[in-house]
Amino acid sequence: MTPAAYAELNLGALQHNLDRVHSCAPDAKVMAVIKANGYGHGLIRIAEALKNADAFAVARVDEGIRLRKAGFSHRITVLEGFTCAEELQKLQHYQLDAVVHCLTQLDIFETGAGQQAIAIWLKLDTGMNRLGFRAEEFSAVYQRLIDCPLIKQPVNLMTHFASADDINDDKTLKQISLFEQTVAGLSGECSLANSAAILGWKSSLSDWVRPGIMLYGISPFPDATGQQLGLKPVMSLHSRLIAVKPIEVGDTVGYGGSWRCETSTTLGIVAIGYGDGYPRYAKAGTPVLINGRRVPLIGRVSMDMLTVDLGVHSDAKPGDSVTLWGEYLPVEEIALWADTIPYTLVCGVTQRVQLVEK
Ligand SMILES: *Cc1c(COP(=O)(O)O)cnc(C)c1O
């Protein structure tokens, strides 16, 4: 019997997608971004499937510690760095690399917390206006860091793009050139590119690339699917039909009665909802795959169920398998129907969905 809701993971696709990164950036080392529980796919299994990457990146210290405790000896960068001496000591103890992006972190380093030196990535804010130092203060900060005994030399240098997924926006070129000007003459390796830049902005590749979403087989661009970019989707989300019934003209479906039947048809009730991470804002018409056939979502998605219009001549029956996104139904397409990005869909799959390795 198939579970009510499960996500099938094609782990072999991760190596394929990593190969794709190498073919786009043949001279760069790869820091595989596996934050947020490996974009919802499971941190440890994703790290295992990507063990050929040169390094890993996570957002938070505890994610890095989980990887060390599971036995990974790769370099691991903590993208948000640390905010207090206690966290710095954890980075030292587990030998995790820290992103340094604000002056508080320099003060903590200089008060000499802990014993062991760690490697760092000094972050320049080139226009994202999230983490990083401004260009004007960068060289003074760099000088302070090269004098700090708790920091392994050379200091590495990074930035992050705000609009790399828009190939027509020259903001990325401005960010690249501000980065190049600011780090000119400084020693240390450089890293700029996320997935969109790896696929779309060749001049950003540099020493290290930081792919996230493309490793999971998903396009960073709103107008393309991963498959069109030579990627293979890792996650396919499945459920099953639990009821099939006719509906008459004038009847409405679901909470609020937002969908009204115009010509009599057959409804299919699918055992998955927003409690599993299927987006409640998916509009009527969002495709759902049943027995290899696309049928439209109708009415509001509820917590544990959603409804589809099977059409008059359907032979679908309770127990039939249903695909919500994945190999034959791009998650990128579902994201458009739900006014979101595919990142939120895969990250949002909830605890009760069984993750099954293919
Ligand atoms: C999440 C993240 C990445 C990866 O971004 P994708 O768009 O998923 O490729 C790279 N660098 C930083 C700093 C990030 O936060």
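Residues numbered from 1 in each chain as written. Predicted model: local features only at pLDDT ≥ 70, side-chain atom pairs only at ≥ 80, totals over all residues. Heavy atoms only, no water.

Attention shifts here to the domain arrangement of the chain. Split by domain assignment, the chain resolves into domain 1 (11-217) and domain 2 (235-357). For domain 1 and domain 2, the distance between their C-alpha centres works out to 38 Å. Contacts between the two partners involve nine residues from domain 1, matched on the other side by seven residues from domain 2. Between domain 1 and domain 2, roughly 770 Å² of surface is buried when both sides are summed, and carbon and sulfur atoms account for 63% of that area. Run the count over domain 1 and domain 2 and you get one salt bridge. Taking the shortest distance from any N to any O, the salt bridge between Arg 45 and Glu 357 comes out at 2.7 Å. Where domain 1 touches domain 2, the interface holds one residue pair in polar contact (both at pLDDT 80 or more). (Domains from an automatic or database assignment. Contact = heavy atoms within 4.5 Å. Buried area = accessible area lost by both parts, 1.4 Å probe. Salt bridge = Lys/Arg side-chain N within 4 Å of Asp/Glu carboxyl O. Polar contact = N/O pair within 3.5 Å; in protein donor to acceptor, adjacent residues only side chain to side chain.)

On to the packing of helix 6 (residues 103-110) against helix 7 (residues 135-146), then. Where helix 6 contacts helix 7, the two axes come as close as 11 Å, and the packing angle between them is 20°. Here helix 6 lies roughly parallel to helix 7, going by the angle between them. Both helix 6 and helix 7 take part in a crossing whose hand is left-handed. Contacts from Leu 103, Leu 106, Asp 107 and Glu 110 of helix 6 reach helix 7 at Val 141, Arg 144 and Leu 145. Counted by class, the contact of helix 6 with helix 7 contains four nonpolar, no polar and three charged residues. (Axes fitted to C-alpha atoms, helices over the stretch in contact; angles between N-to-C directions. Helix = DSSP H or I, 4+ residues; strand = E, 2+ residues; numbered from the N terminus. Parallel < 35°, antiparallel > 145°, perpendicular 65-115°, else oblique. Left-handed = near helix turned anticlockwise from the far one by under 90°. Nonpolar A, V, L, I, M, F, W, Y, C, P; charged D, E, K, R; others polar.)

Moving on to the site of the ligand. Neighbouring residues of the ligand: 14 residues in total, closest Lys 35, Tyr 39, Ser 195, Ile 213 and Tyr 343. Here an oxygen atom of the ligand and a backbone polar atom of Ile 213 are 2.8 Å apart. Protein contacts shield 92% of the accessible area of the ligand, which totals 390 Å² for the unbound molecule. Placement of the ligand is best described as lying within the largest pocket. A class-by-class count of the residues in the shell around the ligand yields six nonpolar, four polar and four charged. (Near = heavy atom within 4 Å. Areas by Shrake-Rupley, 256 points an atom, 1.4 Å probe, with all protein chains shown as cover. 1 Å grid on protein atoms, 1.4 Å probe; cavity = no way out; pocket = protein on both sides within 12 Å on 5 of 7 lines; lining within 4 Å. Sits in = over half its atoms within 2 Å of the grid points.)

Applying the stated criterion across every chain yields a total of 16 salt bridges. Linking Lys 51 and Glu 48 is a salt bridge whose minimum nitrogen-to-oxygen distance equals 3.3 Å. On the basis of relative accessibility, which here comes to 40%, the residue Glu 48 falls in the partly exposed class. Across the pair Lys 358 and Glu 327 runs a salt bridge whose closest N-O atoms are separated by 3.2 Å. Placement of Lys 358 in the segment after strand 18 (354-357) and of Glu 327 in the loop between strand 17 (321-325) and helix 10 (331-337) is noted, with a sequence separation of 31 residues between them. Overall, the relative accessible area of 59% leaves Lys 358 in the exposed class. Taken together, the shared-partner salt bridges in this structure form one network comprising Asp 107, Glu 110 and Arg 144. (Buried < 20%, exposed > 50% of the residue type's maximum accessible area, 1.4 Å probe, protein only.)

Glancing now at the side chain of Ser 195. You can see Ser 195 is positioned in helix 9 (residues 195-200). Take Ser 195: its relative accessible area is 3%, and that puts it in the buried class. Among the polar contacts made by the side chain of Ser 195, one reaches the main-chain amide nitrogen of Met 214 at a distance of 3.2 Å. Leaving out residues up to four positions away in the same chain, Ser 195 has contacts with Arg 210, Pro 211, Gly 212, Ile 213, Met 214 and Pro 220.

We now examine empty space enclosed by the protein. Empty pockets left among the atoms are what a rolling probe the size of a water molecule brings to light. Summed over all chains, the structure comprises two cavities of 30 Å³ or more. For the largest cavity, the calculated volume is near 100 Å³. In terms of lining, the largest cavity is formed by 15 residues, of which the most central are Gly 217, Ile 218, Pro 233, Val 331 and Glu 332. In terms of residue class, the lining of the largest cavity is built from nine nonpolar, five polar and one charged. Here the lining of the largest cavity gathers at least three residues from each of two domains, domain 1 (11-217) and domain 2 (235-357). A volume near 30 Å³ is recorded for the second largest cavity. Taken together, Lys 123, Leu 124, Asp 125, Thr 126, Met 128, Arg 130, Leu 131, Thr 159 and His 160 form the lining of the second largest cavity. Per-class residue counts for the lining of the second largest cavity are three nonpolar, three polar and three charged. (Points joined across faces, edges and corners; volume = space filled by probe spheres on them.)

Attention now goes to helix 1 (residues 12-24). With 13 residues, helix 1 should reach 18 Å at 1.5 Å per residue; the first-to-last C-alpha distance of 19 Å fits that figure. Ala 13, Leu 14, Asn 17, Leu 18, Val 21 and Cys 24 are the residues of helix 1 that are buried. All buried residues of helix 1 project into a common sector of 140° when viewed along the axis, lining one side. For helix 1, exposure combined with an orientation more than 90 degrees from the buried face picks out Gly 12 and Ser 23. The secondary structure elements touched by the buried residues of helix 1 are strand 2 (29-33), helix 3 (43-49), helix 9 and strand 9 (208-209). (Expected span 1.5 Å × (residues − 1). Arc of directions from axis to C-beta.)

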